[in-house]
Amino acid sequence: MSRKSNAKSAASGAAAAPSDGARALWGAHFSGGPAEVMALINPSVAFDQRLSAQDIAGSRAHCRMLVAQGIIDRSDGDAILGGLDQIEQEIEDGAFQFDPALEDVHLNIEARLTALIGDAGKRLHTARSRNDQVATDFRLWVRDAIDRIDSDLKAFQEALLAQAETHAATVMPGFTHLQPAQPVTFGHHLLAYVEMAGRDRGRFSDARRRLNECPLGAAALAGTSFPIDRAATAEALGFDAPTANSIDSVSDRDFALEALAAAGVCAVHLSRLAEELVVWSTPGFGFVKLSDAFTTGSSIMPQKRNPDAAELVRGKSGRVIGALNALLLTLKGLPLAYSKDMQEDKEPVFDALDTVSLCVRATTGMIADMQADQARMASMAGAGYAVATDLADWLVRELNVPFREAHNVTGQIVKLAEGKGLELSELELGEMQAIEPRITGALRDVLTVEASVASRTSHGGTAPSQVRAAITRARERFL
């Protein structure tokens, strides 16, 4: 049976008859068996088997420490390590049988280890609990997920930067309130998402730094009387240090909350871009065309090209945000230290971090493949009197008019143009001079979208020269 089919069987409760499998490992003082429904609600192996690699890594580090400290014999340690190697291979090959009756990934691996090597396998759990074991495994998994997402976000930034470089001088309308505001360049607009992704990477990096302490050795909640070396296991697993307090070690899920918070912000950023891709690809805008690889058709309307990848990215943001809320609500009323409620931490974290990674990769593909209609963007860049601010700035700069007065004058000129159905540049000079007599023909030089964009040379501005400089700086900062 494959690993995937094992998980499906466990999730369905097909093997749901009450069993003493787990109780053989922890229930010597129980006289009765579990209720039938416990076989459905109690096991977590259907989803926590995803921690197999991390569980084996933690067990290897723990075993080597036990041997080094003289807590178990080297011969037993060698047998344990050999058994763990075999189990790892069985899992990779899809041959490992995950049994829901053994509750979780930890007891499944321990039971298989004991079956393979006998009593030596029973010595592995010396000086640890499933509480510190799962806290360690979970931190390792979240750390690995953060590293994957960081790589995904870096590739996303690379795709954005490539398109931004191509379109450093491509003019388009910039919007506020989804109304034409001022002309910008398409490259400049895309660089906004490069910055967002950079902050997302920073948030994930911060979360990774804080989670990188090792709970292993905290045992159930009080530590252990065995002479363990927690610094050694922390180092072996790539942690910066062991956690400082044994109670906090097993009850803390801040690391998962922080990762989910970073994922939630990232999902919102992706959703905002997805919304723009949906809007931009409509005939009403016509700014971009998404490739066949990221669009679908209709079963009834043969002309349709639906931006399904973008819509799904937009939709999946809700799942990620919901995962953060779910874990916050799970933890909010829990006393210290460990409670079985905390078994509910993994599914939302697994789903949310998987979802963010998937959405980043899908968005990267859309950005890399999309084609911008430069002519269409340019034709709309001046809509809504988008160069009005340039007129006001000219009055300030050339005629020394206070900005608030220049704003008022410009508003009157815009009103005049609206009444005549003309662009600002199409008004007669005399018509503008009737409102402000000092206006000269030199004003016309600033009333084009190209001139407007080129003039925005402040740091971080939309001028093509600034966009190209920003691309260079972004590659130095992020890639």
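Let us look at the structure shown here. (Residues numbered from 1 in each chain as written. Predicted model: local features only at pLDDT ≥ 70, side-chain atom pairs only at ≥ 80, totals over all residues. Heavy atoms only, no water.)

Counting secondary structure elements, the chain contains 21 helices and six strands. Here the C-alpha radius of gyration of the chain, 31 Å, is well above what a compact globule of 479 residues would show, namely 23 Å. C-alpha extents for the chain along the principal axes are approximately 100 × 55 × 40 Å. Looking at the 479 residues of the chain, the share that counts as buried comes to 48%. Contacts in the chain between residues far apart in sequence, at least 24 positions, make up 74% of those at least 6 positions apart. Only carbon and sulfur atoms are counted for the fraction: they give 52% of the accessible area of the chain, which is about 22,000 Å². (Helix = DSSP H or I, 4+ residues; strand = E, 2+ residues; numbered from the N terminus. Rg over C-alpha atoms; globule rule 2.2 N^0.38 Å. Buried < 20%, exposed > 50% of the residue type's maximum accessible area, 1.4 Å probe, protein only. Contact = heavy atoms within 4.5 Å. Areas by Shrake-Rupley, 256 points an atom, 1.4 Å probe, with all protein chains shown as cover.)

Bringing the pattern of salt bridges into the picture now. Across all of its chains, the model carries 25 salt bridges by this definition. The residue Asp-147 makes a salt bridge to Arg-208 at a minimum N-O spacing of 2.7 Å. Highlighted residues: Asp-147 in helix α9 (residues 130-166) and Arg-208 in helix α10 (residues 186-211), separated in sequence by 61 residues. One continuous salt-bridge network, built from bridges that share partners, spans Arg-60, Asp-85 and Glu-88. (Salt bridge = Lys/Arg side-chain N within 4 Å of Asp/Glu carboxyl O.)

The subject of this paragraph is the packing of aromatic side chains. Overall, the coordinates contain seven aromatic pairs when judged by the stated rule. Aromatic pair Phe-138 and Phe-255: ring centres 5.5 Å apart, planes at 75°, arrangement edge-to-face. Of this pair, Phe-138 sits in helix α9 while Phe-255 sits in helix α13 (residues 254-280), and the two are 117 residues apart along the sequence. An identical accessibility class is assigned to Phe-138 and Phe-255; each is buried. For the ring pair Phe-138 and Phe-350, a centre distance of 6.2 Å and an interplane angle of 85° mean the geometry is edge-to-face. With Phe-138 in helix α9 and Phe-350 in helix α15 (residues 346-369), this residue pair connects regions lying 212 residues apart in the sequence. Overall, Phe-350 belongs to the buried group, its relative accessible area being 4%. Three or more aromatic residues joined by ring pairs form one cluster here, namely Phe-138, Trp-141, Phe-255 and Phe-350. (Phe/Tyr/Trp six-rings, centres within 6.5 Å; stacked < 30°, edge-to-face > 60°.)

With that out of the way, let us pick up a negative patch on the surface. Among the surface-exposed residues, Glu-213, Asp-240, Asp-248 and Asp-254 lie close enough to one another that they form a single negatively charged patch. Within the element layout of this structure, Asp-248 appears in helix α12 (residues 246-251). Given a relative accessible area of 42%, Asp-248 falls into the partly exposed group. (Patch = residues over 30% accessible without salt bridge, like charges linked within 9 Å, V, L, I, M, F, W, Y side chains within 5 Å. Lys, Arg positive; Asp, Glu negative; His and termini not counted. Charge placed at Lys NZ, Arg CZ, Asp CG, Glu CD.)

With that settled, consider the nonpolar core. Counting residues in hydrophobic clusters, the biggest one holds 93 residues, and the most contacted among them are Val-142, Phe-156, Phe-204, Leu-277, Val-349 and Leu-353. At 16 residues, α13 tops the list of elements feeding residues into this core. Contact partners of Val-349, with chain neighbours within four places excluded, come to Phe-138, Trp-141, Val-142, Ala-256, Leu-260 and Leu-327. Val-387, Ile-413, Val-414 and Val-449 belong to the second largest nonpolar core, which has 25 residues in total. (Core = buried A, V, L, I, M, F, W, Y, C linked by side-chain atoms within 4.5 Å.)

A grouping of Val-37, Met-38, Leu-40 and Ile-41 is seen on the molecular surface, where their side chains present a nonpolar patch of about 390 Å² in accessible area. Relative to the helices and strands, Leu-40 resides in helix α3 (residues 38-41).

Inspection of the secondary structure puts Arg-128 in the loop between α8 (119-122) and α9. Of the side chains with opposite charge, Glu-110 comes closest to the buried, unpaired Arg-128, at an N-O distance of 5.3 Å. Among the polar contacts listed, one links the side chain of Arg-128 to the side chain of His-125, at a separation of 3.1 Å. For Arg-128, the residues in contact, after removing those within four places along its chain, are Gly-58, Ser-59, His-62, Gln-133, Leu-216 and Ala-219. (Polar contact = N/O pair within 3.5 Å; in protein donor to acceptor, adjacent residues only side chain to side chain.)

Another point: the pairing of strand β1 (residues 171-176). In this structure, β1 lies alongside strand β2 (residues 179-185), joined through six bridges in antiparallel fashion. Across the sheet, residue Pro-173 finds its bridge partner in β2, namely Pro-183. With antiparallel pairing between neighbouring strands as the criterion, β1 and β2 make up a hairpin whose turn holds two residues, including His-177 at a positive phi of roughly 60°. (Pairing = 2+ DSSP bridges.)

The first and last C-alpha atoms of helix α6 (residues 74-93) sit 29 Å apart over 20 residues, in line with the 28 Å expected at 1.5 Å per residue. Along α6, the residues classified as buried are Asp-76, Gly-77, Ile-80, Leu-81, Gly-83, Leu-84, Ile-87, Glu-90 and Ile-91. Backbone geometry just downstream of α6 places Gly-94 in the positive-phi region, at approximately 80°. (Expected span 1.5 Å × (residues − 1).)

This part takes up the environment of Arg-139. Note on placement: Arg-139 falls in helix α9. Excluding anything up to four places from it in sequence, Arg-139 contacts Arg-210, Leu-211, Glu-213, Pro-215, Phe-239, Thr-243, Asp-252 and Phe-255. A polar atom in the side chain of Arg-139 sits 3.3 Å from the backbone oxygen of Glu-213.

Now for the packing of α9 against α10. For the pair α9 and α10, the least separation of the axes is 9 Å and the interaxial angle reads 165°. When the axis of α9 is compared with that of α10, the two are roughly antiparallel. In this structure, α9 crosses over α10, and the sense of that crossing is left-handed. (Axes fitted to C-alpha atoms, helices over the stretch in contact; angles between N-to-C directions. Parallel < 35°, antiparallel > 145°, perpendicular 65-115°, else oblique. Left-handed = near helix turned anticlockwise from the far one by under 90°.)

On to the packing of α13 against α15. To describe two helices that pack against each other, one gives the angle between their axes and the distance between the axes. At a minimum axis distance of 10 Å, the contact between α13 and α15 shows a crossing angle of 30°. Looking at the two axes, α13 sits roughly parallel to α15. Two packed elements cross with a definite hand, and for α13 against α15 that hand is left-handed. Between α13, through Ala-256, Ala-259, Leu-260, Ala-263, Cys-266, Ala-267, Leu-270, Leu-273 and Leu-277, and α15, the contact on the second element is made entirely by Pro-348, Val-349, Ala-352, Leu-353, Val-356, Cys-359, Val-360, Thr-363, Met-366 and Ile-367.

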